Amino acid sequence: MDAGPRPVRTTCPYCGVGCGVIADVAPDGTAAVRGDPDHPANFGRLCSKGSALADVLTDEGRLLYPEIEGKRAGWDRALELVARRFSETIAAHGPDSVAFYVSGQMLTEDYYVANKLMKGFIGSANIDTNSRLCMASAVAGHRRAFGADTMPCSYEDLEEADLVVLVGSNLAWCHPVLFQRLMAAKEKRGTTIVVIDPRRTATAESADLHLALAPGSDVALFNGLLAHLWASGAADLGFVSGHTSGLDATLRAAEAIRFAEIAAATGLAVPDLVRFYVLFAKTERVVTAFSMGVNQAADGTDKVNAIINCHLVTGRIGKPGAGPFSITGQPNAMGGREVGGLANQLAAHMALEEPADRDRVRRFWRAPRIAERAGLKAVDLFRAVADGRVKALWIMATNPVDSMPEAGLVEAALVQCPFVVVSDVTRNTDTARHADVLLPAAAWGEKDGTVTNSERRISRQRAFRLPPGEARPDWRIVADVARRMGHAPGFDYDGPAAILREHAALSAFENDGARDFDLSGLAGVDDRSYDRLAPVRWPVRGDDSPRLFADGQFYTADRRARFVPTPASPPAVASPEFPLVHNTGRARDHWHTMTRTGLSPRLSAHAAEPAVEMHADDAAPRGILPGTLVELRSAHGRMTGRVTIADGQRKGSVFVPMHWTDQHASSARVDALVEARTDPVSGQPALKSSRIEARAFAAAWHGFAVLRDRPASIPADYWALARAAGGWRVEMAGAAAPPDWTEFARALLPSPASGLLAYHDAASDRHRFAAFDGDRLAGAIFIARAPLAVGRAFLAGGLTTAHQTPAERLRLLAGRAGPDTPDSGAVVCSCFAIGVNQIAAAVTSGGCMSVEAVGALLQAGTNCGSCRPEIRKIIGETARREATPVRLGVHAVGD
Ligand SMILES: Nc1nc2c(c(=O)[nH]1)N[C@H]1C(S)=C(S)[C@@H](COP(=O)(O)OP(=O)(O)OC[C@H]3O[C@@H](n4cnc5c(=O)[nH]c(N)nc54)[C@H](O)[C@@H]3O)O[C@H]1N2
Ligand SMILES: Nc1nc2c(c(=O)[nH]1)N[C@H]1C(S)=C(S)[C@@H](COP(=O)(O)OP(=O)(O)OC[C@H]3O[C@@H](n4cnc5c(=O)[nH]c(N)nc54)[C@H](O)[C@@H]3O)O[C@H]1N2
Ligand code: SF4
Ligand SMILES: [Mo]
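The structure contained in this document is the topic of the report that follows. (Residues numbered from 1 in each chain as written. Chains lettered and ligands numbered in written order. Predicted model: local features only at pLDDT ≥ 70, side-chain atom pairs only at ≥ 80, totals over all residues. Heavy atoms only, no water.)

### What to know about the overall build of the protein chain
What counts is decided by this rule: Labels follow the DSSP assignment, with helices taken as runs of H or I lasting at least four residues and strands as runs of E lasting at least two, numbered in each case from the N terminus. Just to be clear, the radius of gyration here is over C-alpha atoms, and the globule rule we use is 2.2 Å times residues to the power 0.38. Burial classification: accessible surface area is computed with a 1.4 Å probe over protein chains only, and a residue below 20% of its type maximum counts as buried, one above 50% as exposed, and the rest as partly exposed. It only takes one pair of heavy atoms within 4.5 Å for two residues to be counted as in contact. Neither His nor the chain ends contribute to the count of charged residues, in which Lys and Arg are positive and Asp and Glu negative. A single reference atom marks each charge: NZ on Lys, CZ on Arg, CG on Asp, CD on Glu.
If you tally the helices and strands in the protein chain, you get 31 helices and 34 strands. By the compact-globule yardstick of 29 Å for 895 residues, the protein chain fits well, its C-alpha radius of gyration being 27 Å. Counting only C-alpha atoms and orienting by the principal axes, one finds that the protein chain spans roughly 80 × 70 × 65 Å. Within the span of the protein chain, comprising 895 residues, buried residues form 62% of the whole. Restricting the contact set of the protein chain to residue pairs at least 6 apart, pairs at least 24 apart contribute 71%. For the protein chain, the centre of its 98 positive side-chain charges and the centre of its 100 negative side-chain charges are spaced 1 Å apart.

Here's what the structure looks like:
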């Protein structure tokens, strides 16, 4: 028998690129992970997060058993209780008194069952999803323009375009493999890339033109473009007259703002504006890809339509290398839209507001009832929980106490809600702590199902390890509750294949071509072919999988696309109390609330602390120095993080990643500050434009520690914890020094067998402690008045090496490697753990002046490639610094 690894093909559970992954499962059950060379999304490539997937295949931190009020319970009791409390609440207060809040990280099969239970059997549409925070404006924009939520592009279109416009998308960090495909295409065909983002991101660093527009001025920019396209004769008059309606009114709205006003509104230099408009006008093959900088805005839907208008007027849609491309964030954001997981959608792209659609779905489901009107959208849903209208809430695969705006109110709503159920894979999350019932879900690698990526490609996720404890797949948990609520016939599935068959059959049911979403070709898949299902793009109609909109036919009643007038909203008025714009988003190596990436030492090394990126001109007048701590405050809440002075940060804006929670930091929940202002059409909250003020955190002391064991609590006003190999690294600071540093150290360090090594310098108030267990480091703590300049990578490495001699232990207490081995600095390349200082040294002493040369010397950037834009930036900055004695830029990654 061959005892070698068993390869299992599956799909990455992180971003919407939907890369194919092969898990090589060893006979002992452990798995290694590599890119699937045959998957059409990635052809073998993986980014830093995908490459580190094996790190998160751990039972650490998992929710293993159902719990009721914090105590372990059997599945039967837990499911019985959930079914009974939901049924009783519905009986007493009606179907709208209960709600589900679900997620684009559920598999299509999980999602389908949850939506069916709520809309068809409970009879309410009170099911909304975290996609409301993510894709809702794109959905609304598509429906206004096309009559359906149709995203017409594919990844090949990005490769076949001559101009790619990236609007509000940090593709290099958020969809890294797609970004690499784009960069490879640029090498080949010389694609011009324009990035429209207030920040100079890693993506913008690689662009031909970066338009650092004023936050929120996208509609003005694209209205101006529409007017220019019309005036310059770039319009496709045949397409406009044959396949669209509404151009006149839309043009009038667009032309209402003059060129000089556009320059003023966007803050862009006139030559840059002209260059963009002319480029767009003259290039036939244009893809405009957009993401959260567009969707997460109070005028997000208008932004989407302003972009689509420019593609409609030029007829650049439904053709190779052309179209508006909404890039989805979550692995199954698209699948969630297909099953109708949003509170204002029905299943299979049918419309909740259409009586015929409602009747059709009800008949197909043989449902006792069907939701008659749209349910509560996320922000309103939590408001209804807060004011008692919703009395029983089931949260699945999302962490709203961290990711919803006005997160403090969301948390308060959960505290007072009579019945909260949370299905999660992680035991300790900021949301789980408020659950009455916790249900352990099977995680990635433990369950079977499908996901749909940004280009509408359906791929299988396959199980290759057993769920730990008593965890079960989400679809099964929901179906079990549905059966106990008296709906056995509708939820009698024997596995995910049966659910997909039903989903596919519903998409085909009475579908005479009037509906875009059509999986009729999958309605007959048997269990075997489901197991083998190869990635496929929808529509799947047997042999015929046409390019959508190629025939100029849309899904409106008259089959014409609609131009939508998008009057530019007036610029936000600066408030004297909160003068700064709070831009929020993502870091390269973390995923959302870090429940999984936070388990990986190498992913945690890229950004080990909540960072606050500011422009020097905003920091200096506030007395905020580089590398110190800063407190941010809005009308809704506060947070504290480490400041990075970044020259790519727009003056007047502060950027904060969304990842840190109460599990990893003292006070860094970014959404505690974000206001719950929503787009009136889509209900999507404006998560990137709250108003805040910043001030220096007055720290009397700063500390850094590496610890083998996670401390139960950290006695510091500020702290941030990150995983390191063999333990944890901790940043700390306090407003006042504790009375006794040795006591402080003892509280953090495990009690070591061999006592505590200590060093005190009373004059400069520096204190250092190290504890060893034999030759193993149990922990080391460094305290100083100023932010610490110790070698963090060296110290973290100390947790996994032996320290046999007294000299070796003392060197550790010195906080630095010897002069012969300089500290590598903050990790840039997480695959090979190469730090910023090593790359800079490769430039200064190694003469490496290209990403390739750095790769040849250090390997950095040669595996997943996610760090290549940063390496390019470090080369540029180091070379400039070498050329002039003045320090020109401070690198964005703090160490
Ligand atoms: N590493 C990593 N990758 C991820 C995720 C993750 O957590 N980590 N999450 C996934 C998910 S769910 C999503 S939705 C995607 C998000 O992917 P992206 O949308 O690319 O990421 P964000 O960082 O949220 O925001 C994108 C950019 O919008 C810009 N922006 C802010 N305001 C404006 C504005 O008014 N106009 C314009 N034009 N731009 C603006 C911000 O400066 C930011 O650089 O990423 C996915 N991929
Ligand atoms: N300020 C600000 N806020 C934002 C954003 C922003 O850009 N700025 N972005 C928004 C966007 S686009 C998004 S998508 C959201 C994301 O925000 P969330 O959805 O809240 O973030 P995640 O950390 O992905 O939460 C997923 C949860 O599901 C659990 N989980 C993982 N796999 C499974 C599974 O198979 N089953 C079950 N039941 N649970 C599972 C994880 O442990 C985790 O607790 O945040 C939004 N919030
Ligand atoms: S780009 Fe990275 S995170 Fe996204 S699916 Fe591919 S490997 Fe996963
Ligand atoms: Mo998202």
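### Focus on the site of ligand 1
Filter applied, for reference: For each residue, the test is whether any non-hydrogen atom lies within 4 Å of the molecule or strand; if one does, the residue is near. We define a polar contact as two N or O atoms separated by no more than 3.5 Å, with the added condition that, inside protein, one atom must be a possible hydrogen donor and the other a possible acceptor, whereas residues neighbouring each other in sequence contribute only through side-chain atom pairs. Per-residue and other accessible areas were derived by the Shrake-Rupley procedure at a 1.4 Å probe size, with only the shown protein chains allowed to occlude residues. Amino acids outside the nonpolar list (Ala, Val, Leu, Ile, Met, Phe, Trp, Tyr, Cys, Pro) and the charged list (Asp, Glu, Lys, Arg) are all regarded as polar, and Gly is one of them.
Lining the immediate environment of ligand 1, one finds 35 residues, of which Asp197, Asp218, Ser291, Arg586 and His590 sit closest. Between ligand 1 and the protein, one listed contact pairs an oxygen atom with a backbone N or O atom of Met292 at 2.8 Å. A total of 910 Å² of accessible area belongs to ligand 1 in isolation, and the protein chains cover 99% of it. Of the residues that constitute the shell around ligand 1, the class distribution is twelve nonpolar, 15 polar and eight charged.

### Details of the sheet that holds strand 32 (residues 776-784)
For clarity, the threshold we go by: By definition, two strands form a pair when at least two bridges between them are found by DSSP. Interaxial angle, 0 to 180 degrees, is taken between N-to-C directions of lines fitted to C-alpha atoms, where a helix line uses only the stretch in contact.
The six strands lie next to each other as 28-29-27-32-31-30, forming an open sheet whose pairing is antiparallel. Two strands close off the open sheet at either side, each with one partner strand: strand 28 (718-724) and strand 30 (756-761). Each neighbouring strand pair of the sheet contributes to a mean axis angle of 10°, computed without reference to strand direction. Of the pairings in the sheet, the one linking strand 27 (residues 701-707) to strand 32 comprises six bridges and is antiparallel in character. Within the sheet, the bridge partner assigned to Phe704 lies in strand 32 and is Phe782. In this fold helix 26 (residues 741-748) packs onto strand 27, strand 29 (727-734), strand 30, strand 31 (766-773) and strand 32, with an angle of close to 140° to the strand it touches most, strand 32.

### Structural notes on the packing of aromatic side chains
How we decide: Any Phe, Tyr or Trp ring, taking Trp's six-membered ring, that has another such ring centre within 6.5 Å forms a pair; planes under 30 degrees apart are called stacked, those over 60 apart edge-to-face, and the others tilted.
If you walk through the whole model with that rule in mind, you get 25 aromatic pairs. Here the aromatic rings of Tyr155 and Phe325 are separated by 6.3 Å at their centres, their planes lie at 20°, and the arrangement is stacked. Taken together, the residues span a long stretch of sequence, with Tyr155 in helix 5 (residues 155-160) and Phe325 in strand 13 (residues 323-326) at a distance of 170 residues. Phe325 sits in the buried class, given a relative accessible area of 0%. Considering the side-chain rings of Phe549 and Phe554, the 4.4 Å spacing of their centres and the 40° angle between planes classify their relative orientation as tilted. Phe554 carries the same exposure label as Phe549, and that label is buried.

### Brief notes about the site of ligand 2
For ligand 2, the set of nearby residues contains 33 residues, the closest of which are Gln105, Ser403, Asp424, Thr593 and Asp671. Between ligand 2 and the protein, one listed contact pairs an oxygen atom with a backbone N or O atom of Ala397 at 3.3 Å. Ser403 is positioned such that a nitrogen or oxygen atom in its side chain is 2.6 Å from an oxygen atom of ligand 2. Considering ligand 2 on its own, with 910 Å² of exposed area, one finds that the protein chains cover 98% of that surface. Elements represented by at least two residues in the shell around ligand 2 include exactly strand 15 (419-424) and strand 21 (580-585). Looking at side-chain class alone, the shell around ligand 2 contains twelve nonpolar, 15 polar and six charged residues.

### Details of a nonpolar patch on the surface
Let me state the cut-off plainly: Patches here: salt-bridge-free residues with over 30% relative accessible area, like charges joined within 9 Å, nonpolar side chains (Val, Leu, Ile, Met, Phe, Trp, Tyr) joined within 5 Å. Note on definitions: salt bridges are taken to be side-chain nitrogens of Lys or Arg within 4 Å of carboxyl oxygens of Asp or Glu.
A surface patch of nonpolar side chains, amounting to about 280 Å² of accessible area, comprises Phe259, Val270, Val274 and Val278. Sorting elements by how many residues they give to the nonpolar patch places helix 13 (residues 270-282) first, with three residues.

### Quick notes on helix 2 (residues 75-93)
The line we're drawing: Between the first and last residue of a helix there are one fewer steps than residues, each counted as 1.5 Å, and that sum is the expected span.
Here helix 2 spans 27 Å end to end across 19 residues, near enough to the 27 Å set by a 1.5 Å rise per residue. Every buried residue belonging to helix 2 is among Trp75, Ala78, Leu79, Leu81, Val82, Ala83, Phe86, Thr89 and Ile90, and all of these are buried.

### Considering the environment of Ala253
With respect to the helices and strands, Ala253 occurs in helix 11 (residues 247-255). Judged by relative accessible area, Ala253 falls into the partly exposed class, the value being 22%. Sequence-wise, Ala253 and Ala412 are 159 residues apart; in three dimensions their C-alpha atoms are separated by 43 Å.

### Side note on empty space enclosed by the protein
Where empty space is left can be seen by rolling a probe of water-molecule size over the atoms. Keep this limit in mind: Throughout, the protein atoms alone are placed on a 1 Å grid, and a set of points is a cavity if a 1.4 Å probe fits but cannot get out or a pocket if it is open with protein on both sides within 12 Å along at least five of seven lines; lining residues have an atom within 4 Å of a point. Grid points are joined across faces, edges and corners, and a volume is the space filled by probe spheres set on the points.
Inspection of the entire model under this criterion finds four cavities of 30 Å³ or more. Taken as a whole, the second largest cavity encloses approximately 90 Å³ of empty space. Every residue along the wall of the second largest cavity is listed here: Cys12, Tyr14, Cys15, Val17, Gly18, Cys19, Leu46, Cys47, Lys49, Gly50, Pro176 and Val177. Breaking the lining of the second largest cavity down by element, the ones donating at least two residues are helix 1 (48-51) and helix 7 (176-189).

### Structural notes on the pairing of strand 21
For strand 21, a buried count of six out of six residues is recorded, marking the element as mostly surrounded by other parts of the structure. Of the two faces of strand 21, the one carrying Leu580, His582 and Thr584 and the one carrying Val581, Asn583 and Gly585 are both buried. Judged from the three bridges that link them, strand 21 and strand 26 (residues 690-696) form a sheet pairing that is antiparallel. Note that in strand 26 the partner of His582 across the bridge is Ser690. Note: strand 21 against strand 25 (residues 653-657), five bridges, orientation parallel. Paired with His582 across the strands is Val654, a residue of strand 25.

### Regarding the packing of helix 4 (residues 136-146) against helix 15 (residues 300-313)
We count it as follows: Angle categories are assigned with fixed cut-offs, so that under 35 degrees is roughly parallel, over 145 is roughly antiparallel, 65 to 115 is roughly perpendicular, and the rest are oblique. Note: crossing handedness is left-handed where the near helix turns anticlockwise from the far helix by less than a right angle, and right-handed where it turns clockwise.
At a minimum axis separation of 8 Å, helix 4 and helix 15 run at an interaxial angle of 50°. Judged by the angle between their axes, helix 4 and helix 15 are oblique. The way helix 4 lies across helix 15 gives a crossing that is right-handed. Counting all contacts with helix 4, which are made through Ser137, Ala138, Ala140, Gly141, His142, Arg144, Ala145 and Phe146, the residues of helix 15 involved are Gly300, Thr301, Asp302, Val304, Asn305 and Ile308. Tallied by class, the residues present in the contact of helix 4 with helix 15 amount to six nonpolar, six polar and two charged.

### Some remarks on the nonpolar core
Applied cut-off: Throughout this description, the term nonpolar core refers to a set of buried Ala, Val, Leu, Ile, Met, Phe, Trp, Tyr and Cys residues connected via side-chain atoms within 4.5 Å.
Phe86, Phe100, Ile196, Leu221, Phe222, Phe276 and Trp394 are the most contacted members of the largest nonpolar core, which totals 125 residues. Each residue touching Leu221, except ones within four places of it in the same chain, is listed here: Ile196, Leu211, Leu213, Ile262, Thr266, Leu268, Leu273, Phe276 and Tyr277.

### What to know about the pairing of strand 18 (residues 457-461)
Across the five residues of strand 18, five count as buried, placing the element largely inside the fold. Going residue by residue along strand 18, you find Arg457, Ser459 and Gln461 tucked away on one face and Ile458 and Arg460 tucked away on the opposite face as well. Sheet analysis places strand 17 (residues 449-452) next to strand 18, joined by four bridges and oriented antiparallel. Counterpart to Gly449 in the pairing with strand 18 is Gln461. A loop of four residues connects strand 17 with strand 18, the two strands running antiparallel in sequence, and Arg456 in this loop sits at a positive phi of about 70°. Note that strand 18 and strand 19 (residues 536-537) share two bridges and pair antiparallel. Across the sheet, residue Ile458 finds its bridge partner in strand 19, namely Val536.

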